[in-house]
Number of protein chains: 6
Amino acid sequence: MAMKIAYVVPGPMSKGPMGRTEMQRREALMNGWAFDGTEVSVIDVPSGPASIESAYEEMLAIPPTLDLIMECEKKGFDAAIIGCFGDPGLEAARELVTMPVVGPCESAMLLAAALGHKFSVLTIFESLIAGQEMLAVHAGVRAKLASVRPTDIPVLELMADPEVTKARLIDVARACVEQDRADALLFGCMTMSFLDMGDEIAAEVGVPVVNAGRAAVKHAEMLVSMGLAHSKKAWPTPAKMKAGKTASDMRVA
Amino acid sequence: MAMKIAYVVPGPMSKGPMGRTEMQRREALMNGWAFDGTEVSVIDVPSGPASIESAYEEMLAIPPTLDLIMECEKKGFDAAIIGCFGDPGLEAARELVTMPVVGPCESAMLLAAALGHKFSVLTIFESLIAGQEMLAVHAGVRAKLASVRPTDIPVLELMADPEVTKARLIDVARACVEQDRADALLFGCMTMSFLDMGDEIAAEVGVPVVNAGRAAVKHAEMLVSMGLAHSKKAWPTPAKMKAGKTASDMRVA
Amino acid sequence: MAMKIAYVVPGPMSKGPMGRTEMQRREALMNGWAFDGTEVSVIDVPSGPASIESAYEEMLAIPPTLDLIMECEKKGFDAAIIGCFGDPGLEAARELVTMPVVGPCESAMLLAAALGHKFSVLTIFESLIAGQEMLAVHAGVRAKLASVRPTDIPVLELMADPEVTKARLIDVARACVEQDRADALLFGCMTMSFLDMGDEIAAEVGVPVVNAGRAAVKHAEMLVSMGLAHSKKAWPTPAKMKAGKTASDMRVA
Amino acid sequence: MAMKIAYVVPGPMSKGPMGRTEMQRREALMNGWAFDGTEVSVIDVPSGPASIESAYEEMLAIPPTLDLIMECEKKGFDAAIIGCFGDPGLEAARELVTMPVVGPCESAMLLAAALGHKFSVLTIFESLIAGQEMLAVHAGVRAKLASVRPTDIPVLELMADPEVTKARLIDVARACVEQDRADALLFGCMTMSFLDMGDEIAAEVGVPVVNAGRAAVKHAEMLVSMGLAHSKKAWPTPAKMKAGKTASDMRVA
Amino acid sequence: MAMKIAYVVPGPMSKGPMGRTEMQRREALMNGWAFDGTEVSVIDVPSGPASIESAYEEMLAIPPTLDLIMECEKKGFDAAIIGCFGDPGLEAARELVTMPVVGPCESAMLLAAALGHKFSVLTIFESLIAGQEMLAVHAGVRAKLASVRPTDIPVLELMADPEVTKARLIDVARACVEQDRADALLFGCMTMSFLDMGDEIAAEVGVPVVNAGRAAVKHAEMLVSMGLAHSKKAWPTPAKMKAGKTASDMRVA
Amino acid sequence: MAMKIAYVVPGPMSKGPMGRTEMQRREALMNGWAFDGTEVSVIDVPSGPASIESAYEEMLAIPPTLDLIMECEKKGFDAAIIGCFGDPGLEAARELVTMPVVGPCESAMLLAAALGHKFSVLTIFESLIAGQEMLAVHAGVRAKLASVRPTDIPVLELMADPEVTKARLIDVARACVEQDRADALLFGCMTMSFLDMGDEIAAEVGVPVVNAGRAAVKHAEMLVSMGLAHSKKAWPTPAKMKAGKTASDMRVA
């Protein structure tokens, strides 16, 4: 079963400090995780915020991301992953295309829901907790969320000293397990996920750890292989598009 | 108590079919509803979608709306109202400014919550129901929502024949009251609200009807007069801005 | 816009230790908070419990409070505030009159709901926590309540040494913010509210603090200025009154 | 096991149309339902509303009911039942005495909860639905409530023509079972319960029917026989009483 | 009122370390708790797991327990209690018989629900917490559950040194009351219940303590005396049995 | 990526009317749905109920199913699917093995949760509705469940006349979409799923339809390919097994 999946980075990553090298590293990781026949391509938007650390930056990132997802469908991709744990623009994207669009947060939470009674999310900052709790409401699994705990290492410093990062992640993971009774964990940040330390952390704290990037790839593969996509009743094509307007017609300057 | 409130229209209304005339009519209505000393100004964004009928158009509308809200704060406004029932960009706007920013949906739902045991929302299309139920979750009053029912009259046709519209609104309102046991109603669309037919409909169906535009003006006045604004702990200034970057610095082209 | 609001104290405060002086001080505070044209009058019931510290005292306080609210409507008041944070008799009062009746707890909780993701209530004793959690259920915003924490200073001692009280309030407020992740706070006691220390405490702990008395005044002003009152479908006039009986006819001796 | 249970009628029933005859009929019914050794006495308050059809009448009824419950404890009763389905004053009564106090609504709902997946309540008027839904929240079993449906026969007419009443009850019961998927039913009115038609209705509609009066008697017997009473941590003795004041001391005239 | 209640032990207790002596001790305790005329018989299944410490052992225990319950009904018992706090097989048993079948967990939780605002459960191991939380969902009173806390004494060691056990139970009970704000407690294990230390622990920690075995006896007595049993609409007789098959016909070997 | 998945039928299907032919047909279907390298084997238990139409039959089916799952792990399977929509024995199975064990109901519900705002389940009989609602609670996605509707065609008649069945399924599916606002559907019965009519029904009613059997295969493949299995903290190995006992040691005869 051959399929092409676009991993759409909602920021101009190739122009930033991580650059194309990191994009290629992530692409290689995802292709390594995929089933035979699946090809994952990492593509970034041409402009937008350097990173997404606030609702404001998320809102700036969405319009170019939606344009890119429409373009991916036209280019023949079978599915798209929105490459940010906040799943920015997920509902709007589902209005615009008929191929499956998945968000790593939704994918990872639904996967973690079946791994135990409750799961916790490791996030970056305390200011993100409320938003990630609301993402669990959107995913429909709020009842399964034990806690969201911050690690307090900024995204760009996560890769600076992997051993320091790992030690911190283990400490916070242990608090989730011991104090919040989490049976499973997930990384609430793509950079944290792509550190690919889940197995080591799972071994330390004794519960499964979900890599949100890997979960999103599997979710996309599952949908494509089943011939399923999101409901167009839930996310219908915008009325003006149905009436023949293009995306650019819809912007009045 | 003197205060200046900006009613920010998240689309280029002055360039559209309703135009400046309708903006002025709405401004006059709101100033008529306000307490003495309050001055409401209706301002639209320079570009964006002609109207918001989908999540996609909502996402397109948000970035210019946020720019305009920041500008309003700089110009000395005391509060801003986001002029669309979906409250587009509300959380991001609260990150960017310290003056109160209110959304008509949140304002109207919190007001309706105290008018009875349950309230219903009259919306435009069936495809908007799930989104408005989620807005009630965000407002914290999902437990008070009896139902969301569509009227099936497109926004631009609402003003075409007021008697036809009123008859339809009364029919749907009655269904909310009789079948869903709503004790109060609110209009889930600003154009519906600005038809200013609430009192007539309330008289027909026997329950109070909340005009979301009017509720937003009162909510803004309430906050300004109390010296209160949203919590910066809940919606902190984006870290890059705290570090000195401007909004335009934050967009990488 | 001129309006008269009755702040009905559900105990014979003028006969108690706080006396008329405190009633006048509160009246002055509320008139200072009000919009131009609003006149707030503080009125107490002739008899009842000296203070409300239990469900029993609340039940004793309600019948004279309801009589007084009916009298206020007859005297031409435009709205009534029930002057106790437990909102005693709120639903019954709404059956008896058509002018708006607001309760400080409901008003303050609905106001706080929009200030952040979650709010906490500072109350007097631990025995009041469950009741105030249930008040949040009644207000419809239980999902927004972070916690209720007791300050353990009896009502009558709150005014004894303002600095001691303030220090305690700050400590408890900080626990709400740091341990329960509250983004906003409210005082769950009218005497605590009328100490008028909200701004100082907000400055210390970094989140907005809602004065329940002030919130109730604003809520009443909002409703009157909008021409709205509670739904008579939700709280209908008692059947015997509809059939012509007076309140005193309804008591069989 | 010998015990004395007071069934406290929160209105001056002996002075009303039903009179002492009906009180004696109910007393006989309850003694017939009781275990050997249990003696149930029906006692009414000296004054208050003729019947409870509104929150207002409920509030008027509570103070004399609380006085009577305190008196019953002094006279040696082992438990009290509040003889109205709205459980008026239940929480306050539990503050004032240490013997168990039960309310027919709470007793019947907790009993019905174990009879099936969901239960429905047959009530008098539509205006009572929201209140009885809230009683299910207070009882903790809101998740088990299928529906509350009105029968639209006023309390005083329930006994007028038993066959007419029974036919209506069966119709409404059937709607609960067939449309709301109720597996069990309960009468949300004491007069309805004391018609003692539960078995006939159960036979017609095929699900068990709980008589709230009978459930309350059993609940009281259960608690007394187990040596249990409500938690004084949940409903502590009012502080002024702990400090030595009597109930009448607590009323300032 | 005479009735016979079977307390069905879902393991071959008579063949295990506790043996017939402990069965007789429990039978005597239950008969001591019962109303006059009630006769409780303790009966165990012929084979199955020695004790139930996992979902696996629970699943093994259910088929013989169901056989025994059917046999009890044929022998003329009026009700059955499933003698394990996990209520194993409760729903299946209700399909198979028309006499009431109660489970100690459900009985105890519904009883505790009315004793205060929230109750806690003392259980054996941390691994049982999630399951007991789900039992509260099944009972319909999840909203009333303050916490489940493990005592960490294995079932078979509970009776080894009663003073050690009592001290541990008091410690954990106190944590429930002080840290989780429980107003009432219940023992989440039959062996813990049959230690019959509830009153001593209640005296120490100041809140009522429910013995699940005693609650189940009272629940069964209540149902039998009211002529009530679980709804056959909720738990219908299996279709093959309705069509004439016996339980053994239904097993294909 | 090569893996072996056991589809464990919890009844002696090979001895029943569907027989080995149907087992082989299902095996072929599943292998057709699988990714390259996956091999699915359909295996049934030696004895148990002919079909599962009640909680009783479910309880009878579980012990042999658990034995077979343990055996599958020993034989080198990488994962097991419990071949019944009720997911019988899922939690116990997860205690007994470390390879992933999935249940079609949980798998299908978590998959459907991301396809729209709400999904509905098509089940066999009305008596199964409450149980399937509870399965949604267990899966953690109760908030996403629009409805469960019965088709009223007994399992064994589903295959009798495929056109009749399809017409009925379409009618019920349409009711879910139009009356309950479901955006997606799933078959709550394995025989219904293996009719493999999802695409035709989806085309008729306009929303995606999930085949529970196919979802379970994908869920198992996802977990195996990610190196993940359920949390042993959530479902620990039974203590007696940890101490060295075998499954048969644990049954006292």
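Only a predicted model underlies this, so the values are computations on that prediction, with no experimental measurement involved. Throughout, residues of each chain are indexed from 1 in the direction in which the sequence is written. The lettering of chains begins at A and the numbering of ligands begins at 1, in the order of writing. Since the coordinates come from a predicted model, pLDDT governs what is reported: local features require at least 70, and pairs of side-chain atoms require 80 or more to be given and counted, while whole-chain, interface and lining totals use all residues. Heavy atoms throughout the structure, all of them, feed into the side-chain values; hydrogens and water do not.

Quick notes on the sheet that holds strand β2 (residues 38-44) of chain D
Residue and element names in this part refer to chain D. Our working definition: Here, any two strands with at least 2 DSSP bridges between them count as paired. Strands here are runs of E lasting at least two residues and helices are runs of H or I lasting at least four, both read from the DSSP assignment and numbered beginning at the N terminus. Whether two residues are in contact is decided by their heavy atoms, any of which lying within 4.5 Å being enough. Axis angles are defined between N-to-C directions and span 0 to 180 degrees, where every axis is a line fitted to C-alpha atoms and, for a helix, only to the segment in contact.
If you trace the 4 strands from one edge of the open sheet to the other, you get β2-β1-β4-β5, paired in parallel fashion. One side of each edge strand has no neighbouring strand; the edge strands of this open sheet are β2 and β5 (101-102). As defined by bridge partners, strand β4 (residues 79-82) adjoins β5 across 2 bridges and the pair is classed as parallel. Considered in β5, the bridge of I81 is made with V102. Sheet contacts for helix α1 (residues 19-33): β1 (3-9) and β2; angle to β2, the most-contacted strand, approximately 160 degrees.

A look at the relation of the copies chain A and chain F
One copy of the chain maps onto the other through a rotation about an axis plus a displacement along that axis. Keep this limit in mind: Superposition of the copies used a least-squares fit over C-alpha atoms from residues whose pLDDT is at least 70 in both.
When chain A is fitted to chain F, the residual RMSD is 0.0 Å, and the transformation amounts to a turn of 180 degrees plus an axial shift of 0.0 Å. Accordingly, the operation relating the two chain copies is best matched by a two-fold axis. Here 100% of the interface residues in chain A have copies in chain F that are interface residues too; the copies meet face to matching face.

Let's talk about the packing of helix α9 (residues 212-226) of chain B against helix α9 (residues 212-226) of chain C
To keep it simple, the criterion reads: Angular relationships are summarised with four words: roughly parallel below 35 degrees, roughly antiparallel beyond 145, roughly perpendicular across 65 to 115, and oblique for the angles in between. Each crossing gets its handedness from the near helix: less than a right angle anticlockwise from the far helix is left-handed, clockwise is right-handed. Residue polarity is assigned by list, with Asp, Glu, Lys and Arg as charged and Ala, Val, Leu, Ile, Met, Phe, Trp, Tyr, Cys and Pro as nonpolar; anything else, Gly included, falls into the polar class.
α9(C) packs onto α9(B) with a crossing angle of 150 degrees between their chain directions and a minimal axis gap of 10 Å. By the criterion of interaxial angle, the relationship of α9(B) to α9(C) is roughly antiparallel. In the packing of α9(B) onto α9(C), the handedness of the crossing is right-handed. Within the contact between the two elements, α9(B) uses B:R214, B:A215, B:K218, B:H219, B:M222, B:S225 and B:M226 and α9(C) uses C:R214, C:A215, C:K218, C:H219, C:M222, C:S225 and C:M226. Partitioning the contact of α9(B) with α9(C) into residue classes produces 6 nonpolar, 4 polar and 4 charged.

Quick notes on the interface of chain A and chain F
This is how it is decided: Summed over both partners, buried area is the accessible surface (1.4 Å probe) that two parts give up on being assembled. Each salt bridge in this description consists of a side-chain nitrogen of Lys or Arg and a carboxyl oxygen of Asp or Glu lying within 4 Å of one another.
Contact residues are listed per partner, giving 48 residues for chain A and 48 residues for chain F. Carbon and sulfur atoms make up 65% of the area that chain A and chain F hide from each other, which totals about 3700 Å². Seen at the junction of chain A and chain F, the total is 2 salt bridges. Where F:D183 meets A:K233, a salt bridge forms, and the shortest distance between an N and an O atom there is 3.5 Å.

Quick look at the sheet that holds strand β4 (residues 79-82) of chain E
All names here are of chain E. Pairing is parallel in the open sheet, where 4 strands are placed in the order β2-β1-β4-β5. Unpaired on one side and paired on the other, β2 (38-44) and β5 (101-102) mark the two borders of the sheet. The sheet strands contacting helix α1 (residues 19-33) are β1 (3-9) and β2, and the helix crosses β2 at an angle near 160 degrees. Helix α2 (residues 55-74) contacts β1, β2, β4 and β5 of the sheet and is inclined by roughly 165 degrees relative to β1.

Describing the pairing of strand β7 (residues 145-150) of chain D
Residues and elements named next belong to chain D. Where we set the bar: Seen with its strands pointing away from the viewer, a crossover is right-handed if its path from the first strand over the helix to the second goes clockwise.
Taken together, the 5 bridges between strand β6 (residues 119-123) and β7 define a ladder with parallel strand orientation. By the bridge assignment, T123 is partnered in β7 with P150. Crossover β6 to β7 through helix α5 (residues 129-139) is right-handed.

Observations concerning the packing of aromatic side chains
The way to describe two aromatic rings as a pair is by their centre distance and the angle between their planes. All names here are of chain C. In plain terms, the rule: Each Phe, Tyr or Trp ring (for Trp, its six-membered ring) is paired with any other whose centre lies within 6.5 Å, and the angle between the two planes then decides the class: stacked below 30 degrees, edge-to-face above 60, tilted in between. Three exposure classes are used, based on accessible area relative to the maximum for each residue type with a 1.4 Å probe and protein chains only: buried under 20%, partly exposed in between, and exposed over 50%.
For the structure on display, the rule yields 15 aromatic pairs over all chains. Ring centres of W33 and F194 lie 5.9 Å apart, and the angle between their planes is 15 degrees; on these two criteria the pair is classed as stacked. On the criterion of sequence distance, the pair formed by W33 in helix α1 (residues 19-33) and F194 in helix α7 (residues 190-194) is long-range, its members being 161 residues apart. Here W33 falls in the buried class, since its relative accessible area comes to 6%.

Comments concerning the pattern of salt bridges
Counted under the stated rule, the structure contains 84 salt bridges over all chains. A salt bridge links D:K166 to D:E200; the nearest nitrogen and oxygen atoms lie 2.5 Å apart. A residue pair is termed long-range when its members are at least 10 positions apart, and D:K166 in helix α6 (residues 162-179) and D:E200 in helix α8 (residues 198-205) qualify at 34 residues. Residues E:K240 and F:E53 are paired through a salt bridge, measuring 3.5 Å at the closest nitrogen-oxygen approach. Linking E:K240 in helix α10 (residues 239-242) with F:E53 in the loop between β3 (48-49) and α2 (55-74), this pair reaches from one chain into another.

Remarks on the domain arrangement of chain A
Residues and elements named next belong to chain A. Cut-off, in case you're wondering: Domains are outlined according to an automatic or database domain assignment. By the criterion applied in these results, polar contacts are pairs of N or O atoms within 3.5 Å in which, for protein atoms, one can donate a hydrogen and the other can accept it, and in which residues neighboring in sequence qualify only through two side-chain atoms.
Examined at the domain level, chain A breaks down into domain 1 (3-103 + 229-250) and domain 2 (105-214). For domain 1 versus domain 2, the distance between C-alpha centres works out to 23 Å. With 18 residues of domain 1 at the interface, the matching set in domain 2 holds 22 residues. Summed over both partners, the interface of domain 1 with domain 2 buries about 1700 Å², with 65% contributed by carbon and sulfur atoms. Inspection of the region where domain 1 meets domain 2 yields 1 salt bridge. The interface formed by domain 1 and domain 2 contains 8 residue pairs in polar contact (both at pLDDT 80 or more). Sort the elements by how many residues they give to the side of domain 1 that touches domain 2 and helix α1 (residues 19-33) lands first, with 6 residues. The residue inventory of the side of domain 1 that touches domain 2, partitioned by class, reads 9 nonpolar, 3 polar and 6 charged.

Points about the packing of helix α4 (residues 104-113) of chain C against α9(C)
Residues and elements named next belong to chain C. Where α4 meets α9, the axes come as close as 8 Å, and the angle between the chain directions of the two elements is 90 degrees. Viewed along their axes, α4 and α9 adopt a mutual orientation that is roughly perpendicular. Together, P104, E106, S107, A108 and L111 of α4 and A212, A215, A216 and H219 of α9 make up the contact between the two elements.

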